[in-house]
Amino acid sequence: DGARVISWLPTAHIAERAANYYLPLAFGGTITTLGNPRNIIQALPQVKPHFFFAVPRIWEKMKAGIETQLEGLPDEQRELAQKAIAAGVQKVRLEQAGQPVPKELAEVCARADEELFSKLRGLLGLEGAASINTGAAPTPLAVLEFFHAIGLELSEIWGMSETTGAGTSNPRGKVRLGTVGPPAPGVEIKLDHDGEILIRGDIIMQGYRNLPEKTRETFTDDGFLRTGDIGQFDEEGYLKIVDRKKEIIINAAGKNMSPSNIESKLKGASPFIGQACAIGDARSYNTALLVLDADYVPNWAKQHGASDDSLAALAENEDVIAQVQAGVDRANEQLARVEQIKKFHIVRGDWLPGEDELTPTMKLKRKPIAQKYAREIEGMYER
């Protein structure tokens, strides 16, 4: 009751309506409306919300912002901070695996929390947040681990407009990273023969307005909604989202792959990679269009003596390309051989919400991207 939230996502987004209007109205919360969504990171410390939902790109940018600040510290302070975060990540991984945390590591993390992590939470404006969530697209595991390491229990949730909000949610204190949590109370979820997520419950829409045929196609005979998402359940009954059914890559050899999984690994492997779009449908190998992180890379370039720190120039900077290549190599180590990225192209410039490449909620517009960058894509497949 009385929780503070920030209204900042497009109001056509079901997450915005549910999280930042309907729930606060129902529970007597305080809604701060942000006129320019690009100012969200600056608004957080002013409002200090109790609940905050953001798409993965925002969490990626906050992580990159912290890493940029740490990069600017004197050597000794920077190394101490990086070691503290590494210790925090190690602790998170042990906890997620159900393994005991050694006393020495726990003590290191407790000191780090007092001396560094608490300050970072305050810097972000999330020190008083009771719940913070991410959704609408997969969040790189490295991003989730980072926030857990500094004491912010960021968790993924899943839902869609047709479910009028979240169909699953990670419970506080029981978050399983890489999953979107178990079904919400009163919600039934099962998987179809091809892995498509089927969902039934009072939260599901009655149908599409004035489209009875479309409505019939979208529901099974026993009343389950066909979501179009492919999923898996883990041993605890937590749901993992694999990808959108229509976006699965099927390569020339007939192998099915999740582009979202590949892209998540790429973005999680390097702060240099701000956006990634995996290509490989009907191809003999996978490639990727990559966009430099507009916050991290120019700052890194300045600190390393670059004469031109524009994204267009940095896309051709040999040192930057080497850093991106190192990130792609790290991502490939986490991918099956058939999923690995053989070639990549760094886009000159940025991809912004609501423009050619991204929706207002920062999802990739795959078909327009394929059309706009057709020449660059074909160039990666020339012998």
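Read on for a plain summary of the structure. Not measured: the values here are computed from a predicted model.

Rules and cut-offs
Residues numbered from 1 in each chain as written. Predicted model: local features only at pLDDT ≥ 70, side-chain atom pairs only at ≥ 80, totals over all residues. Heavy atoms only, no water. Buried < 20%, exposed > 50% of the residue type's maximum accessible area, 1.4 Å probe, protein only. Helix = DSSP H or I, 4+ residues; strand = E, 2+ residues; numbered from the N terminus. Pairing = 2+ DSSP bridges. Salt bridge = Lys/Arg side-chain N within 4 Å of Asp/Glu carboxyl O.

1. A look at unusual backbone geometry
Alright, step 1. The backbone phi angle of Ala136 is positive, close to 80 degrees, even though this residue is not glycine.
Alright, step 2. Here Ala136 falls in the partly exposed class, since its relative accessible area comes to 35%.
Alright, step 3. Backbone geometry at Thr164 places phi at a positive 50 degrees, although glycine is not the residue there.
Alright, step 4. Considering the arrangement of structural elements, one finds Thr164 in the loop between strand S5 (154-160) and strand S6 (165-169).

2. Quick word on the pairing of strand S9 (residues 225-233)
Alright, step 1. Here three bridges tie strand S8 (residues 196-201) to S9, and the two strands are oriented antiparallel to one another. Following the sheet pairing, Glu196 is matched in S9 by Ile230.
Alright, step 2. Pairing analysis gives five bridges linking S9 to strand S10 (residues 239-244), with the strands arranged antiparallel. In the sheet register, Gly231 faces S10, and the bridge partner there is Ile241.
Alright, step 3. Between S9 and the antiparallel strand that follows it, S10, lie five residues; Gly237 among them carries a positive phi value of about 80 degrees.

3. Comments concerning the pattern of salt bridges
Alright, step 1. Enumeration according to the criterion identifies 27 salt bridges in this entry.
Alright, step 2. Across the salt bridge formed by Lys63 and Glu67, the nearest N and O atoms sit 2.7 Å from each other. Within this pair, Lys63 and its partner Glu67 are both found in helix H3 (residues 56-71), separated by four residues, close to a single helical turn.
Alright, step 3. Residue Asp113 pairs with Arg121 through a salt bridge whose shortest N-O separation is 2.8 Å.
Alright, step 4. Residue class for Asp113 comes out partly exposed when judged on its relative accessible area of 27%.
Alright, step 5. For Arg121, a relative accessible area of 13% translates into the label buried.
Alright, step 6. Three or more residues are tied together by salt bridges with common partners; here these are Arg57, Glu60, Lys267 and Asp293.

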